[in-house]
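So the chains spell out like this:
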Amino acid sequence: MKPIVRFDKVTKSFGDTIVLRDFDFEMAPGERVVLMGPSGSGKSTVLRILMTLEDIQKGVVYLSEVPLWHERSRAGELRPAGEKYLRKMRSDVGMLFQHFNLFPNMTVLRNIIEAPMKVAGLSRAEAEARADELLARVGLSDKREAYPNSLSGGQKQRVAIARAMAMRPKLLLFDEPTSALDPEMVGDVLEVIKDLAAEHDLSMLIVTHEMGFARDVADRVCFFCDGRILEQGEPSQIFTAPAEERTRQFLRMVLHEAPTEEATG
Amino acid sequence: MDWLSLLPPLLYGAEVTAWITLASTAGGAILAFAAGIGSTARFAGWRWLAGLYVQIFRGTSLLVQLFWLYFALPIIGIRLSPEVAGVLALSLNIGAYGAEVVRGSLNSVDAGQYEAATALNFTPIQTLWRILMPQALIEMMPPFGNLAIQNLKDSALVSLISLADLAFAADNLRNRTLETLPILILTLLLYFAMALVLMAAMRLLERYLRGVSGREATR
Amino acid sequence: MLFGFHWDLSSPEAFALSILPILLIGMKITILATIFGFLIAMALGLVFALLRGVPLRAVSWPIAFIVEFVRDTPLLIQLYFLYYILPDYGITLPALETGIITLGIQYSAYTSEVYRAGLEAVPRGQREAARALNLGAWRTYRDVIVPQAIPRIVPALANYLISIIKDTPILSAITVLEMLGAAKIVGDRTFRYMLPLTLVGVLFLILTAVAATAVRYLEKKLPRAGIALK
């Protein structure tokens, strides 16, 4: 079965700083992968490259074995992709952001139906039907006509999830979805994400610090360090018996800062 | 010193001033959006053109621009009437300042909005008009209000190319009746009154936009 | 002939070169008017700002009204006002001086706002900390508030200097012979406006570019945290 995501010797730098160096990575369709590690280690960059928010300097990124950042010219390969090509590739990928990024000038409903209508070409009725179904799933049907600035952080993120799901992506990227939330709201959002994981055969790539959540949802946990995956494996293995010292250090720090993680497990 | 008899000619002039101000503010707004959006364009040529326009019209004096349009252009065969030259000069001038406001407001929209729009696969044009512009518009209103008042004040300069606006009427009347003090006081008051009306109108516009966009300007 | 200069109409280049001295004399007036107008604006603006801060409404409200009135009425009319009215009250000033004073008054309305906004932008916590340390009003202003307000105030004031440069041609309406006035006279006498006016435009571009560079330099040199006090 083709991997849904494949990074082939990818190098990404911001000016002089190299963030990813000869980076290899694969993800199977329907797999749930959690990326963990200290800040600046490159995990968010992997997401942003997949969402075409960042380009790459070397190597090739494949979505279902089709190059993402390169178009195949008639002769053979590898011309940097143009905007039209990127738009085509993007349509199967969705993203959730740490700071939600809801459109403040639109109601919750409008936020959710805008892209299906204007990008996917759905009629207003179809888009609204889809939106209502998603709002029910995330538990916010009563906030249909509200504006984002009247919502709490947790509610905003749930709307963002509905908005992303409305475009029926095959791959959903989560960039620290609960890091900007007050502790009481984290649980609700994680429940919604777990619900998504349970029912759809959606591939999910999640950057998070929430260990308990990773243990519940992830098929595989990758520990990132200095732009490489230091070690990876099933959550139970990584969390209880990490092989690398750096992994152990990181886990110790994170667990120390969030003791409730272990308690709620 | 019959002040009331001085009013009618001044009011005629004020009407011309009002029309010129409205026309040039509208023209300036169009230019401001064109150049402001142009300066964020993907194509380097548009950016360069917009930059050149803003640089020239912000870097030189309005009166020089006005005189150039009215006195210099005829040399190469383009003869503009005082009305056209006046409105054109005012529009070009205020448009350049407005372009900087538009550009700044667009840039001040949170980068995350642009990223979310990309994630949802909107085209660049859709992103600009449906997501960025509505949010930027509310930020533009306070500076636009100031520019509108500035335009009203600048409009007095068209009297120097013999356009019969309020300033021209005042100068004319002064020459004819020598009642300089009442004439100039009335003129100042008339301009001030028009400024107050303009400020109120801009405030209403801002309130309307705030309702439409669901958010407040961060002033 | 103007100021004793002849102009040469034989070719565009010769024409341009021959009127350049005339335009540069005009530029001298432009620069003079700008500098002195700016100085008056800075001083008068400070007076206005201080008076508006006075707790007594009988003082602050009329001042606020005057400032608003000056701000919202055209410079040209204010110019006419001073030029034609003052002599009736016995003060007969030459046109340039009248122009400078008018520029100063009009821009003092803007500078007073700059002072006020700059002082207000200093975080409240600074005043409170000074209070907690029992520094006293004069000391607080001199060593804490003003040094932190200056990096904000100076660039804003300098930008108004650039605006004044661009407003000086209005003085030509009361016969001041600055750059535009000089160009217009050359044009009136030779019926060739294109070259003089374009040259004046270029000269203004140069003037404002130089001033803008100076402002950017100033902004860089002024430390963001406020003037360092040892």
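Residues numbered from 1 in each chain as written. Chains lettered and ligands numbered in written order. Predicted model: local features only at pLDDT ≥ 70, side-chain atom pairs only at ≥ 80, totals over all residues. Heavy atoms only, no water.

**Student:** Go over the overall build of chain B with me, naming the residues and quoting the values.
**Tutor:** From N to C terminus, chain B includes 8 helices and 0 strands. The principal-axis extent of the C-alpha atoms belonging to chain B is close to 70 × 45 × 20 Å. Burial analysis of chain B (219 residues in total) assigns 54% to the buried set. Of the roughly 9900 Å² of accessible surface on chain B, 67% is carried by carbon and sulfur atoms. Where the 14 positive side-chain charges of chain B centre and where its 13 negative ones centre are 7 Å apart. (Helix = DSSP H or I, 4+ residues; strand = E, 2+ residues; numbered from the N terminus. Buried < 20%, exposed > 50% of the residue type's maximum accessible area, 1.4 Å probe, protein only. Areas by Shrake-Rupley, 256 points an atom, 1.4 Å probe, with all protein chains shown as cover. Lys, Arg positive; Asp, Glu negative; His and termini not counted. Charge placed at Lys NZ, Arg CZ, Asp CG, Glu CD.)

**Student:** An account of helix 3 (residues 62–72) of chain B is requested, with residue identities and associated values reported.
**Tutor:** With respect to burial, helix 3 of chain B is a largely interior element, 9 of its 11 residues being buried. L62(B), L63(B), V64(B), Q65(B), L66(B), F67(B), L69(B), F71(B) and A72(B) are the residues of helix 3 of chain B that are buried. Lining the buried residues of helix 3 of chain B we find helix 2 (44–59), helix 4 (82–108) and helix 6 (124–154) of chain B together with helix 7 (179–190) and helix 8 (194–221) of chain C. (Contact = heavy atoms within 4.5 Å.)

**Student:** Account for the nonpolar core, with residues named and values stated.
**Tutor:** Core analysis: the biggest nonpolar cluster contains 121 residues, and L10(B), L106(B), Y191(B), L23(C) and L197(C) have the highest contact counts within it. Among the elements that make up this core, the one with the highest residue count is helix 8 (residues 180–213) of chain B (13 residues). Among all residues touching L23(C), those that are not within four sequence positions of it are M179(C), A182(C), A183(C), P196(C), L199(C), V200(C) and L203(C). (Core = buried A, V, L, I, M, F, W, Y, C linked by side-chain atoms within 4.5 Å.)

**Student:** Mind laying out the sheet that holds strand 8 (residues 93–96) of chain A, listing which residues take part and the relevant values?
**Tutor:** Hydrogen bonds between backbone atoms are what pair the strands of a sheet, whose relative direction is either parallel or antiparallel. Residues and elements named next belong to chain A. The strand order 8-9-10-3-11-12 describes an open sheet built from 6 strands, whose pairing is mixed. With partners counted over all chains shown, the strands left at the sheet margins are strand 8 and strand 12 (228–233), one partner each. Here the average twist between neighbouring strands, direction ignored, is 20°. Of the strand pairs in this sheet, strand 8 and strand 9 (residues 171–175) are connected by 4 bridges, and their pairing is parallel. Bridging across to strand 9, L96 finds its partner in F174. (Pairing = 2+ DSSP bridges. Axes fitted to C-alpha atoms, helices over the stretch in contact; angles between N-to-C directions.)

**Student:** Pulling in residues and values, what's your account of the packing of aromatic side chains?
**Tutor:** Residue and element names in this part refer to chain B. Overall, the coordinates contain 20 aromatic pairs over all chains when judged by the stated rule. Look at F33 and F144: their rings are 6.1 Å apart centre to centre, the planes differ by 80°, and that puts the pair in the edge-to-face class. Within this pair, whereas F33 is found in helix 1 (residues 3–38), its partner F144 is found in helix 6, the two being separated by 111 residues in sequence. For F144, a relative accessible area of 13% puts it in the buried group. Between F67 and F71, the aromatic rings sit 5.2 Å apart at their centres with planes inclined by 85°, giving edge-to-face as the arrangement. (Phe/Tyr/Trp six-rings, centres within 6.5 Å; stacked < 30°, edge-to-face > 60°.)

**Student:** I'd love a proper account of the interface of chain A and chain B, names of residues and values included.
**Tutor:** Every contact between the two is made by 27 residues of chain A and, on the other side, 23 residues of chain B. When the two sides are added together, the surface that chain A and chain B hide from each other amounts to roughly 2100 Å², 55% of it contributed by carbon and sulfur. The closest approach of N and O atoms between E115(B) and R48(A), which form a salt bridge, is 2.7 Å. In this assembly, chain A and chain B are joined by 8 residue pairs in polar contact (both at pLDDT 80 or more). Elements supplying a minimum of two residues to the side of chain A that touches chain B: helix 2 (83–90), strand 8, helix 3 (108–118) and helix 5 (153–165) of chain A. With 4 residues, the single largest contributor to the side of chain A that touches chain B is helix 3 of chain A. (Buried area = accessible area lost by both parts, 1.4 Å probe. Salt bridge = Lys/Arg side-chain N within 4 Å of Asp/Glu carboxyl O. Polar contact = N/O pair within 3.5 Å; in protein donor to acceptor, adjacent residues only side chain to side chain.)

**Student:** Tell me about the state of the cysteines, and please be specific about residues and values.
**Tutor:** The final tally for this structure, using the stated rule, is 0 disulfides over all chains. Of the cysteine sulfurs around C222(A), a residue in no disulfide, the closest is that of C225(A), at 13 Å. (Disulfide = S-S within 2.5 Å.)

**Student:** Got a sec to walk through helix 4 (residues 124–138) of chain A? Specific residues and values, please.
**Tutor:** All names here are of chain A. With 15 residues, helix 4 extends 21 Å from end C-alpha to end C-alpha; this agrees with the ideal 21 Å at 1.5 Å per step. Those residues of helix 4 that sit buried are A127, R130, A131, L134, L135 and V138. Take helix 4 and look down its axis: the buried residues cluster within an arc of 135°, on one side only. One or two steps after helix 4, the chain reaches G139, where phi turns positive at roughly 75°. (Expected span 1.5 Å × (residues − 1). Arc of directions from axis to C-beta.)

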